[in-house]
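Residues per chain, in single letters:
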Amino acid sequence: MRSNEAIQPSVLLRWGDGLLVLLAIIASWQALALWGGSDVMTTPIETVRHAVQLTGQSRFWPHFRETATAYSVAAIVAVLGGLLMGIALGAHRLTGEVFEPIFVALYSIPKVTLYPVVLLLFGLGIEAKIAFGAMHGIIPVTIFTLNAVRQVNRTWLRAGRAMGLSPAQSILHIVVPATIPEIVSGIRIGLSLALLGTMLGELFASKRGLGFLLMSAIDVHDVRTIMAIALLISIFAWAMNAAMLAIDRRLHQRI
Amino acid sequence: MGKAGLIRIAVILAAVLALEIACRTGAVPPSAVVPPSAMLASVYEILTTGEIAHDLRLTLTAVVIATIIAIVGGFFAGLIIHGLPRLRRTLAPLLAAYYAIPHLAFYPLLIVVFGLGLGPLIVLASLLGIMAMIIATLDGLDHVPRVLLRTAAVLRLNRWSEMMLVRLPAAFPHLLSGIKLAFSYAFIGVVAGEFILSTAGLGHAISFAYDNFQNRRMYGLILIAIGLVTLVNTTLLVGERRLLTRRGMR
Amino acid sequence: MTNEHVSFRDVEQVFPARGKQDPVHALGPISFAIRPGEFFSVVGPSGCGKSTMLDVMSGLTRPTRGQVIFEGSPLDGTVPDGIGVVFQEDASFPWLTVWDNVAFGLRRRGVDAAEIRRRVDYALSFMGLAAFTKAYPSQLSGGMRQRVCIARTLVMQPRLILLDEPFGALDQQTRLLMGDELLRLWRETGATIMLITHALDEANLLSDRIGVMSARPGTFISIVETGWAKDRDSTLAELPEFGAVSSRLWALLRSESMRAMGQHAASRSSLAGKAA
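J.: Help me understand the domain arrangement of chain B, please; the structure alone is not making it clear to me.
T.: How big an interface is tends to be stated in terms of accessible area lost as the parts join. All names here are of chain B. Looking at the assigned domains, one finds that chain B contains domain 1 (1–31) and domain 2 (34–145 + 174–246). Between domain 1 and domain 2, the contact holds 7 residues from the first and 6 residues from the second. With both sides pooled, the region where domain 1 packs onto domain 2 buries about 510 Å², and carbon together with sulfur makes up 58% of that total. Joining domain 1 to domain 2, the criterion identifies 0 salt bridges. Scanning the region where domain 1 abuts domain 2 turns up 4 residue pairs in polar contact (both at pLDDT 80 or more). A class-by-class count of the residues in the side of domain 1 that touches domain 2 yields 4 nonpolar, 1 polar and 2 charged.

Printed below as a string of structure tokens:
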């Protein structure tokens, strides 16, 4: 029903709407900042200025690199691991039936409580953050991949065989195109959750990274820095999600 | 129970047993993981002494308040957004990006605004939960079969009756998933907040035990936290299953 | 109005252009009348506007041009009292038991409880559902669910019943049996019935008259009078006259159906291009 949403707004109108939302957010932010005072919140302009200033300082970059490295590795592990597990579980029916509920259960438990365990296992360094980020991200990728592979229509495969496709050709020309849209949806969620996991790791018992900067800013009640870093992280998360969503939508449109 | 279910139980039991053996033989040092039997004993001790009651009460209070705010607020926001397609189109990018942003990055800010205590936890947890409910409400209202709305028109229901007697009952399974998610998010928000920075609560108790090298106790508390969520989730899930079975959706 | 229970006066339905799609001229202009107590069927090629006609006749949709007159007064864009509709899709409420489903409409009208019980129990036993009052629709077969929907329409005691391919999802044997029941219902209630169907034999068997529609924009190319006795049932199909009417219907429809398929193919020409 949604696909034939009749009145496709023009590109211009959609950009206009996006701008409207952005303006509304900035306006309410400004209002909150003025109402609460600079002890509580900095205004949008101040925050941006401070963010720019922060990124100009040399002490910022080691922390940024730490977070970026931790997140990149966590994301790669989550995506590759999730794909492998999802394909393995999706291809073999019984294995999938055995493990899927376990993954779904893992998805819904508050993994934050498990962070101390991760720390005990991986130590206080970057490895713990990576592990925690990957733990968050790998589950949605696995679940989505598993379902995508399992739902490949058997009739298509039979049709492929009837047309004389080799198993390799069947995978390349039937399984991959059929599963990619769902898998990309899973990766999008996985990347977001991996970021959340990495951030969680940095906020708790970490000595480096943007999360650590956030926590140390609380200790000295440095509202400007808290706001600036939160803004930078949000912009990054939003941009990544927007890019993934664009790919996601494009892939889903064909169906 | 089917074959898959039996194998699943066997796999889980085997994993627990393997962990127990690994811990007992020293393959995994007790400084990292305590044996599962010790974890269970610790759960028993913590629950029988009642020492965690205060923290638990605080955590549950925050979770319950946040869940209610998220459910009620999300439901009505969803209704309004559904009724205004133009607003919905405008908000679409925001809805899509909402969970991509790590809200926990704002927790420090909330502490600055509200001070340490239940306040920032409840705000953080409600913020996390509310969008799940909004999306579930929109989803539910979107998926009311057209033929039921046409039936309502044939029976000449007014807008209010149509909403109360047709749209909402039809959307109810979606609303229930929203409720389930809102609770999960609220719990994660509260415990994560307590865990990172707070003076009391279940999350704080876990991080306190970690800081003080009380591994046995820490594992016991973690199991309690997970058990609590699983209990609520399972209850909601059973209700949902029953409902869906009755409606022939499963 | 003595001989016109419901009538179309120059009714036309045009759906406005949507996005890149051209406007769709779905129906008309068309004028005709259904007599009181008549069993009237509409057959036609797929996509010819049959369902649009039902929407307009029930008052669910206001026509772009023209008027629908029901019992002497024009429809105003809502469904008037006295019209009941049975849809093609399963319209039973999955959250209500069979009994509550059937009572739903009466309760909204503030009918008193004893009267509701009387009418619902009667409709349920009439439709052979008496043993399933406490069941939920999901526990019933498709055919049974459609009976629930018919019973729900019946209790409102409509004078005009519109049915939009109500047996479309059922297997052939069930269809025949449901057809017989529909005839029984028609005789007992004395209601006027308009049935939309794509099954020619079904239309033939059930109807006093059959409107044969053209491809889009739908109008009647012919209205065939069957002349069957009022107490007919599915054994009618054995008569040679029955075959003659079916052949006549098909002769009328064949070229229209081919035209409709052509329309369909034209609107999906991009696909044809890809296949070539």
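J.: Please clarify how the confidence of the model for chain B should be interpreted in this entry.
T.: Across chain B, pLDDT averages 88, with 98% of residues at or above 70. Taking the mean pLDDT of every element in chain B, the minimum, 80, falls on helix α4 (residues 85–97) of chain B and the maximum, 94, on helix α3 (residues 53–83) of chain B.

J.: Explain the pattern of salt bridges here, please?
T.: If charged atoms from side chains of opposite charge come close, those side chains can pair. Residues and elements named next belong to chain C. Under the definition given, this model contains 27 salt bridges over all chains. Of the charged contacts in the structure, one is a salt bridge between Glu225 and Arg35, with a shortest N-O distance of 3.6 Å. Taken together, the positions of Glu225 in strand β10 (residues 220–225) and Arg35 in the loop between β2 (24–34) and β3 (39–43) put the pair 190 residues apart, joining distant regions of the chain. A salt bridge links Arg109 to Asp81; the shortest N-O distance between them is 3.3 Å. Placement of Arg109 in the loop between α2 (98–108) and α3 (113–126) and of Asp81 in the loop between β5 (73–74) and β6 (83–86) is noted, with a sequence separation of 28 residues between them.

J.: It is not clear to me how the sheet that holds strand β1 (residues 6–15) of chain C should be interpreted in this structure. Could you clarify?
T.: The strands that make up a sheet are held in pairs by hydrogen bonds between backbone atoms, and each pair lies either parallel or antiparallel. Residues and elements named next belong to chain C. Taking strand neighbours across the sheet as the criterion, the 4 strands line up as β2-β1-β4-β5 in an open arrangement whose pairing is antiparallel. Since the sheet does not close on itself, it has two edges, and those belong to β2 and β5, each with one partner. Where β1 and β2 come together, 7 bridges link them in antiparallel fashion. When the bridges of β2 are listed, Val11 appears paired with Ile30. Along the sheet face, helix α1 (residues 50–58) touches β1, β2 and β4 (65–70) and points at about 120° away from the line of β1.

J.: Got a minute to help me understand the interface of chain A and chain B in this structure?
T.: Taken together, the contact pairs 52 residues of chain A with 51 residues of chain B. Carbon and sulfur atoms supply 79% of the area that chain A and chain B bury against each other, a total of about 4400 Å² over both sides. Counting every contact that joins chain A to chain B gives 0 salt bridges. At the level of secondary structure, the elements contributing two or more residues to the side of chain A that touches chain B comprise α1 (11–36), α4 (93–108), α5 (115–122), α8 (167–203), α9 (210–219) and α10 (223–253) of chain A. For the side of chain A that touches chain B, the leading source of residues is α10(A), giving 11 residues. In the side of chain A that touches chain B, the residues fall into 40 nonpolar, 6 polar and 6 charged.

What counts and how
- Once a new chain begins, its residue numbering starts again from 1 and follows that chain's sequence as written.
- Working convention: letters from A go to chains and numbers from 1 go to ligands, in the order in which they are written.
- In keeping with the predicted nature of the model, local features appear solely for residues at pLDDT of at least 70, side-chain atom pairs appear and are counted solely at 80 or more, and the whole-chain, interface and lining totals rest on all residues.
- Calculation of side-chain values draws on the structure's entire complement of heavy atoms; hydrogens and water are dropped beforehand.
- Domain delimitation follows an automatic or database domain assignment.
- When checking whether two residues touch, look at their non-hydrogen atoms; a contact exists if any pair is within 4.5 Å.
- Values labelled buried area give the accessible surface lost by two parts on being combined, using a 1.4 Å probe and summing over both.
- Should a side-chain nitrogen of Lys or Arg be within 4 Å of a carboxyl oxygen of Asp or Glu, the pair is scored as a salt bridge.
- Counting of polar contacts relies on pairs of N or O atoms within 3.5 Å, with two restrictions inside protein: one atom must be capable of donating a hydrogen and the other of accepting it, and residues adjacent in sequence are counted only when both atoms are side-chain atoms.
- We call Asp, Glu, Lys and Arg charged. Ala, Val, Leu, Ile, Met, Phe, Trp, Tyr, Cys and Pro are nonpolar, and the rest, Gly among them, are polar.
- Within a predicted model, pLDDT stands for the predictor's per-residue confidence, ranging from 0 to 100.
- Numbering goes from the N terminus for both helices and strands, where a helix is a DSSP run of H or I of at least four residues and a strand is a run of E of at least two.
- Pairing between strands is defined by DSSP: at least two bridges between the two strands are required.
- Interaxial angle, 0 to 180 degrees, is taken between N-to-C directions of lines fitted to C-alpha atoms, where a helix line uses only the stretch in contact.

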